[in-house]
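Per-entry structural report
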Amino acid sequence: MSEVRVDNITGETGTDAVKFTKGISVTGVATVGNVSVASSVTAATLFGNGAGITGITAGKLLRKTLYEIPRQSTSFASFPNDDTAPQITEGVEYFSQSYTPSTANCDLFIFCTAGVRETQNIADDVGMALFINDQTDALRVVTEYCSSSVVHGAILTIAHKMPSWGVSAKTFSLRLHKADSINYAAFGYAQQKYGASTHASYFSIEEIST
Amino acid sequence: MSEIKTTKLIGETGVDAVNFTSGLNVTGVSTATNVSVASSVTAGTLFGNGAGLTNAGGGILLKKSAYTVTRQTITHATFPADDTIPQINEGTEIFSQAYTPSNHPCDIVITTSCRVGETSNVGDIMALALYVNDSTDALRVVSGLNGPRSNIHNYNMILVHKMSSWSGAKTLSLRASGGNCINYGAGGYDTFDKQYFGDATHSTLFIIEEIST
């Protein structure tokens, strides 16, 4: 077996890198200041700070964040009874949340539920809508009819998908149509039952790579 | 061009590593048992198990599991009609599942739905609560009202809950209040809930997501 013992190896000019044109095999730890690889790094396990990793395959969940929608009473207001998109000044805001996407290269999937109910006889139909602060039109609306019964409301669910706007903050909000309580319990007219914290619901945002 | 042909390069003492003080340029595959990099690795593509990566950003899905909430008849029981949190011995248990988080510490996000109904006139107020075995208080509750004057005999519940993970196994459970059947079909006008549409197809899911923190 041949063997070369040397402290430092440099390229032919004394300043350029040594070229290993047939690959290199290291037993033990290879310690390097920076590694730049044109094609790929394959490892049994990758350790370290992955915050700078980009270009992940499309459709993967990058980040999921949940915010609580508290139980609350609200004032009463309604969206117009016509076929126009509800405006950000209509209805009653009952939830808002500032959000900064971690990347521009993703879609945002929003999912939320809330018990939308009346505590007194003020509505035959109820609804809620999702808004974002730089747009007057609602992004998404859901409704339910609850007249001629003793139902007095519904659990409403909104699912919405939109592209990320980049790494800056915008504010999502939810606005209520006609009802006067959020996440109250269904007890004839809506009432405060089962505990405020347990009867709250969630607003979730998923970032899906594109 | 100069060229060295040798099967081994080692440091001067015979046991230390060789220092490449002006960098290293490899054409072909570079194979190492371990690579330790002080600052950064830049690659076109990274392959491999990323379980050891830290600071990859909170909110990443680490594991998702789903369990079935079966169609079933249940004993009728109710949560107290007050503003106290339902207790783990109240209502009727309709589902339980032992769960050991694989990626503790992380967040656990639970999403489930089911239909709480009545096959006979047993209740108007339907509710569903989530529990974990080491807490007597419910973690989360949703409720719905069926309509005794409008011939509605059930309510579709959607429950979402977020909590911190734990070490080892704990048992999550769902308990229903007000009804006497779970995931039965809507029977039609003025008709109580029925076993419609198939047992398996009218079951629902209890989904657990492990989310990095």
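Residues numbered from 1 in each chain as written. Chains lettered and ligands numbered in written order. Predicted model: local features only at pLDDT ≥ 70, side-chain atom pairs only at ≥ 80, totals over all residues.

1. Quick word on the overall build of chain A
Rules: Comment: elements are numbered from the N terminus, with helices defined as DSSP H or I runs of at least four residues and strands as E runs of at least two. For a compact globule the rule gives 2.2 Å times the number of residues to the power 0.38, and the radius of gyration it is set against comes from C-alpha atoms.
In terms of helices and strands, chain A carries 0 helices and 13 strands. Counted from the first residue to the last, chain A has its helices and strands arranged as β-β-β-β-β-β-β-β-β-β-β-β-β. Whereas a compact globule of 210 residues would reach a radius of gyration of roughly 17 Å, chain A reaches 28 Å, over 25% beyond that. Referenced to the eigenvectors of the C-alpha coordinate spread, the extents of chain A come out at roughly 95 × 35 × 20 Å.

2. Brief notes about the overall build of chain B
Put simply, the test is: With C-beta atoms placed from the backbone, a residue is buried if 20 or more other C-beta atoms are within 10 Å of its own, exposed if 12 or fewer are, and partly exposed between those counts. Working definition of a contact: two residues with C-beta atoms, positioned from the backbone, lying within 7 Å.
Scanning chain B from terminus to terminus reveals 0 helices and 13 strands. Reading chain B from its N terminus to its C terminus gives the helix and strand order β-β-β-β-β-β-β-β-β-β-β-β-β. Relative to the globule expectation of 17 Å for 213 residues, the C-alpha radius of gyration of chain B, 28 Å, shows a markedly less compact shape. Referenced to the eigenvectors of the C-alpha coordinate spread, the extents of chain B come out at roughly 95 × 35 × 20 Å. Looking at the 213 residues of chain B, the share that counts as buried comes to 32%. Pairs at least 24 residues apart make up 76% of the contacts formed inside chain B by residues separated by at least 6 positions.

3. Focus: the sheet that holds strand 9 (residues 140-145) of chain B
Through backbone hydrogen bonds, the strands of a sheet pair up, either in parallel or in antiparallel fashion. Residue and element names in this part refer to chain B. What counts is decided by this rule: When DSSP finds two or more bridges between a pair of strands, those strands are recorded as paired. Axis lines are fitted through C-alpha atoms, for helices just across the contact stretch, and the angle between N-to-C directions can take any value from 0 to 180 degrees.
If you trace the 4 strands from one edge of the open sheet to the other, you get 6-11-8-9, paired in antiparallel fashion. The sheet terminates laterally at strand 6 (92-99) and strand 9, the two strands that pair on one side only. Sheet twist, expressed as the mean angle between neighbouring strand axes with direction ignored, is 15°. Sheet topology places strand 8 (residues 125-132) next to strand 9; 6 bridges connect them, and they run antiparallel. Looking at the pairing, L130 lines up with R140 of strand 9.

4. Overview of the nonpolar core
In plain terms, the rule: Think of a nonpolar core as buried Ala, Val, Leu, Ile, Met, Phe, Trp, Tyr and Cys residues, each tied to the set through C-beta atoms within 7 Å.
If you look at the biggest cluster of nonpolar residues, it comprises 73 residues, and the most contacted ones within it are V116 of chain A together with A127, L128 and M157 of chain B. No other element matches strand 8 of chain B, which puts 7 residues into this core. Contact partners of A127 of chain B, with chain neighbours within four places excluded, come to Y194 of chain A together with F79, V141, V142, S143, S177 and G178 of chain B.

5. Some details on the sheet that holds strand 8 (residues 125-132) of chain A
Residue and element names in this part refer to chain A. The sheet built from 4 strands is open, its strands ordered 6-11-8-9 with antiparallel pairing. At either end of the open sheet lies a strand with only one pairing partner, and these are strand 6 (92-99) and strand 9 (140-145). Neighbour-to-neighbour, the strand axes of this sheet turn through a mean angle of 10°, independent of strand direction. Judged from the 6 bridges that link them, strand 8 and strand 11 (residues 170-177) form a sheet pairing that is antiparallel. If you follow A129 over to strand 11, its bridge partner there is R175.

6. A short note on the pairing of strand 8 of chain B
The side chains of a regular strand alternate, first on one face of the sheet and then on the other. Residue and element names in this part refer to chain B. For strand 8, a buried count of 7 out of 8 residues is recorded, marking the element as mostly surrounded by other parts of the structure. As paired elements, strand 8 and strand 11 (residues 170-177) share 6 bridges and run antiparallel to each other. Along strand 11, the bridge assignment pairs A127 with S177.

7. Things to note about the interface of chain A and chain B
Filter applied, for reference: Residues are grouped as follows: Ala, Val, Leu, Ile, Met, Phe, Trp, Tyr, Cys and Pro are nonpolar; Asp, Glu, Lys and Arg are charged; every other residue, Gly included, is polar.
Listed as interface residues are 78 residues of chain A and, on the opposing side, 84 residues of chain B. Contributing elements (two or more residues each) for the side of chain A that touches chain B: strand 1 (4-5), strand 2 (18-20), strand 3 (24-49), strand 4 (61-69), strand 7 (106-117), strand 10 (153-163) and strand 13 (201-209) of chain A. The dominant element in the side of chain A that touches chain B, judged by the number of residues it contributes, is strand 3 of chain A, at 26 residues. Its residues placed into classes, the side of chain A that touches chain B shows 33 nonpolar, 35 polar and 10 charged. The sheet contact formed by strand 1 of chain A and strand 1 (residues 9-10) of chain B spans 2 bridges and is parallel. Counterpart to R5 of chain A in the pairing with strand 1 of chain B is I10 of chain B.

8. Quick notes on the environment of L139 of chain B
All names here are of chain B. Structurally, the position occupied by L139 is in the loop between strand 8 and strand 9. On the neighbour-count criterion, L139 (19 C-beta atoms within 10 Å) is partly exposed. Separated by 14 residues in the primary sequence, L139 and H153 place their C-alpha atoms 26 Å from one another.

9. Details of the environment of K193 of chain A
If you trace the backbone, K193 of chain A turns up in the loop between strand 12 (181-182) and strand 13. Separated by 10 residues in the primary sequence, K193 of chain A and N183 of chain A place their C-alpha atoms 9.7 Å from one another.

10. Let's talk about the confidence of the model for chain B
Applicable threshold: Each residue carries a pLDDT score, the predictor's confidence in it, ranging from 0 to 100.
Across chain B, the average pLDDT comes to 88, with 95% of residues at or above 70. For this predicted complex, the interface confidence comes out at an ipTM of 0.72, alongside a pTM of 0.77.

11. Let's talk about unusual backbone geometry
In this model, H104 of chain B is joined to P105 of chain B through a cis peptide bond whose omega is 5°. Unlike most non-glycine residues, H152 of chain A shows phi in positive territory, near 65°. Here Y194 of chain A, not a glycine, exhibits a phi torsion of approximately 70°, which is positive.

12. So, the environment of S135 of chain B
Within the fold, S135 of chain B resides in the loop between strand 8 and strand 9. Each C-alpha atom, one on S135 of chain B and one on T45 of chain B, is 45 Å from the other, the two residues being 90 residues apart in sequence.

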